There are 2 protein chains.
Amino acid sequence: MSKEEIQTKQKILAAAQRMFFENGYDKTSIHAIIEKVGVAKGTFYHHFSSKEELMEELVKGFAAEIEKGISGVLDEKMGAVEKLNAVARRGGELKKERVAFIRMYSEFMANPDNCRMTRRLMDISREITVPIYEKIINQGIEEGVFDCSGPDFTAEIIFGLGESMQRRIIPLIIKENPGKEDLAAIIKDLNAYERVMERILGAPEKSLKFAEETDIKVFLKK
Amino acid sequence: MSKEEIQTKQKILAAAQRMFFENGYDKTSIHAIIEKVGVAKGTFYHHFSSKEELMEELVKGFAAEIEKGISGVLDEKMGAVEKLNAVARRGGELKKERVAFIRMYSEFMANPDNCRMTRRLMDISREITVPIYEKIINQGIEEGVFDCSGPDFTAEIIFGLGESMQRRIIPLIIKENPGKEDLAAIIKDLNAYERVMERILGAPEKSLKFAEETDIKVFLKK
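Residues numbered from 1 in each chain as written. Chains lettered and ligands numbered in written order. Predicted model: local features only at pLDDT ≥ 70, side-chain atom pairs only at ≥ 80, totals over all residues. Heavy atoms only, no water.

Caption draft 1: Just the overall build of chain A, in detail. Secondary structure assignment for chain A yields 10 helices and zero strands. Judged by the C-alpha coordinates and their principal axes, chain A covers about 60 × 40 × 25 Å. Each of the 222 residues in chain A was classed as buried or not, and the buried ones make up 49%. Accessible area for chain A stands at about 11,400 Å²; split by element, carbon and sulfur atoms hold 52% of it. The averaged location of the 37 negative side-chain charges in chain A is 4 Å from the averaged location of its 35 positive side-chain charges. (Helix = DSSP H or I, 4+ residues; strand = E, 2+ residues; numbered from the N terminus. Buried < 20%, exposed > 50% of the residue type's maximum accessible area, 1.4 Å probe, protein only. Areas by Shrake-Rupley, 256 points an atom, 1.4 Å probe, with all protein chains shown as cover. Lys, Arg positive; Asp, Glu negative; His and termini not counted. Charge placed at Lys NZ, Arg CZ, Asp CG, Glu CD.)

This is the structure we're talking about:
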């Protein structure tokens, strides 16, 4: 691809992402995208065979960003407990840098119209994070700090736990006027989440600590 | 509604359900449904304002069936551990009575085209089962057989655990030629699932037992 072609592709991706978030995936047509970017139909189809393929590229782009952000932690010299905490905190930091994006994304996920894209995002996120958890779990078992069987199943469960947590938090992130009680509810759930994960992994009690109150606060609207 | 009207509504629902399962929700038009049932467009709109509303009714129908099947267990005089096992087994029996349906449903859920309906089904299933788990967890805490905090959060986690389990099992249920190793994989996951749930609830080890090998076998194709 020429430099110009790459730039055009990036422009289409950026415009489509914005339009998907604003109007929903289903309600954004290829026609509307090319009109917004100001390219010919043929140019679009030179880069993407369909809207689905464009979506797939966007999703993979998000995923690559997240993977890049946390995979460095895996290679560091740390114990498994420390590593699990570090992965969660690194993920949290990446989100804190993009509060507006996270809010928009939470609204996007809460809308059933976007379920296809949400599902792809979750599938790709699972493909990336489950092997990361599995590696850390195996390390923890070797170190004798974790006591659980079936690292692959356990990694899958840990991922699912994150989804359950999201389901509790998303309604509060997209709430127009969250109060003190909403922050308190998230903190309470987050602590319960850490304790449940320790039990599943057979990790020492209170060894997992993923976020502080100040980390959470930034995601609630003022 | 007259008896005749109720019958017509039932006919539309039954035909739509079959068509959604066979061709997917998105690919089934209202036009195709009324043609199949042989009713006028006005008759359809007399009963349903949209395809979405029809879907909603179908989903609520499934949910009511499941609720009817398991809610009786809640009122029986049993300890919390026994009750949790009974709810899982009753759910398993209901599924065993409808193996063909479960297989079709698994295929349906595996197809991203049906994500809207799948999502509604999961939401409604969550609305029904989370309060059931919560009641049993509260009972178990009172009896001193469970040791966990936040029964509402724990109930949500238990529901999510079921979803993680489904994700592992569905690909094997829809597999054309499952082998002995597939059955073994399900049994292994099921045992891990029971142990994880015991840990989350703080229940005695090996107290939970949801299914036998013979119960699982019927869902795999021959």
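Caption draft 2: How the structure looks around the interface of chain B and chain A. At the junction of the two partners, chain B supplies 31 residues and chain A supplies 31 residues. Together chain B and chain A conceal approximately 2,800 Å² of surface at their shared face, both sides included; 52% is due to carbon and sulfur atoms. The partner of Arg168(A) in a salt bridge is Asp152(B), and the shortest N-O contact between them spans 3.2 Å. Joining chain B to chain A, the criterion identifies 15 residue pairs in polar contact (both at pLDDT 80 or more). (Contact = heavy atoms within 4.5 Å. Buried area = accessible area lost by both parts, 1.4 Å probe. Salt bridge = Lys/Arg side-chain N within 4 Å of Asp/Glu carboxyl O. Polar contact = N/O pair within 3.5 Å; in protein donor to acceptor, adjacent residues only side chain to side chain.)

Caption draft 3: Summary view of the packing of aromatic side chains. Residues and elements named next belong to chain A. Enumeration according to the criterion identifies 20 aromatic pairs over all chains in this entry. Pairing phenylalanine 21 with phenylalanine 101 gives two aromatic rings, centres 5.6 Å apart and planes at 80°, and the pair type is edge-to-face. Of this pair, phenylalanine 21 sits in helix α1 (residues 3–23) while phenylalanine 101 sits in helix α6 (residues 99–110); the two residues are 80 residues apart in sequence, bridging distant segments of the chain. When the centroid spacing of 5.5 Å and the interplanar angle of 45° are considered together, the rings of phenylalanine 44 and phenylalanine 48 count as tilted. In this structure phenylalanine 44 comes out as buried when scored by relative accessible area, which is 1%. Its relative accessible area of 1% is what places phenylalanine 48 among the buried residues. In textbook terms, an aromatic cluster arises when at least three aromatic residues are bridged by ring pairs, as seen for Phe21, Phe62, Phe101, Tyr105 and Phe108. If you follow lysine 51 out to its NZ or CZ, it ends over the ring of tyrosine 25, 4.3 Å from the centre. (Phe/Tyr/Trp six-rings, centres within 6.5 Å; stacked < 30°, edge-to-face > 60°. Lys NZ or Arg CZ within 6 Å of the ring centre and 35° of its normal.)

Caption draft 4: Main features of the side chain of Thr154(B). Residue and element names in this part refer to chain B. Take threonine 154: it is sitting in helix α8 (residues 151–173). On the basis of relative accessible area, threonine 154 is assigned to the buried category, the value being 2%. In this structure the side chain of threonine 154 is engaged in a polar contact, spanning 3.1 Å, whose partner is the backbone oxygen of serine 149. With near-sequence residues (within four places) excluded, threonine 154 lies in contact with Ile137, Cys148, Ser149, Ile200 and Leu201.

Caption draft 5: Representation of the state of the cysteines. A complete count under the given rule lists one disulfide over all chains for this structure. Note on cysteine connectivity: Cys115(A) is disulfide-linked to Cys115(B), with sulfurs 2.1 Å apart. The disulfide joining Cys115(A) to Cys115(B) has a torsion of about 65° about its S-S bond and is therefore right-handed. One end of the pair, Cys115(A), is in helix α7 (residues 115–143); the other, Cys115(B), is in helix α7 (residues 115–143), on a second chain. (Disulfide = S-S within 2.5 Å.)

Caption draft 6: Looking closely at the confidence of the model for chain A. For chain A, the average pLDDT comes to 92, and 100% of its residues sit at 70 or higher. Put simply, α6(A) is where chain A has its lowest mean pLDDT, 85, and helix α2 (residues 30–37) of chain A is where it has its highest, 97. (pLDDT = per-residue confidence, 0-100.)

Caption draft 7: Quick peek at unusual backbone geometry. All names here are of chain A. The backbone of lysine 206 sits at a positive phi, close to 65°, despite the residue not being glycine. Note on placement: lysine 206 falls in the loop between α9 (180–201) and α10 (213–217). Judged by its relative accessible area of 61%, lysine 206 falls in the exposed class.

Caption draft 8: View of the environment of Leu190(A). All names here are of chain A. With respect to the helices, strands and loops of the structure, leucine 190 is situated in helix α9. Separated by 19 residues in the primary sequence, leucine 190 and lysine 209 place their C-alpha atoms 9.1 Å from one another. If sequence neighbours within four positions are ignored, leucine 190 has contacts with Met165, Ala211 and Ile216.

Caption draft 9: Focus on the relation of the copies chain B and chain A. Once turned by 180° and shifted 0.0 Å along the axis, chain B lies on chain A with an RMSD of 0.1 Å. As the rotation angle and translation indicate, the two copies are arranged about a two-fold axis. Take the interface residues of chain B: 100% of them recur as interface residues in chain A, which is what a same-surface contact looks like. (Least-squares fit on C-alpha atoms with pLDDT ≥ 70 in both.)

Caption draft 10: Examining the nonpolar core more closely. By size, the foremost hydrophobic cluster in this structure holds 148 residues, and its most contacted members are Leu54(A), Leu54(B) and Met117(B). In this view, Leu54(A) contacts Ile12(A), Leu13(A), Ala16(A), Phe20(A), Ile33(A), Phe44(A) and Phe48(A); residues no more than four positions away in its chain are not counted. (Core = buried A, V, L, I, M, F, W, Y, C linked by side-chain atoms within 4.5 Å.)

Caption draft 11: Up close: the domain arrangement of chain A. Residue and element names in this part refer to chain A. Assigned domains of chain A: these are domain 1 (1–48) and domain 2 (51–217). The centre of domain 1, based on its C-alpha atoms, is set 30 Å off from the matching centre of domain 2. At the junction of the two partners, domain 1 supplies 17 residues and domain 2 supplies 15 residues. The junction of domain 1 with domain 2 conceals about 1,600 Å² of combined surface from both sides, 69% of it contributed by carbon and sulfur atoms. Viewed at the interface, domain 2 and domain 1 are joined by two salt bridges. Between lysine 9 and glutamate 57 there is a salt bridge, and its shortest N-O distance comes to 3.1 Å. (Domains from an automatic or database assignment.)

Caption draft 12: Quick peek at the side chain of Lys83(A). Residue and element names in this part refer to chain A. Mapped onto the elements of the fold, lysine 83 is located in helix α5 (residues 80–96). Buried and without a salt bridge, lysine 83 has glutamate 143 as its closest oppositely charged side chain, separated by 6.7 Å. Setting aside residues no more than four positions away along its own chain, lysine 83 makes contact with Val73, Leu74, Glu76, Met78, Ile136 and Gln139.

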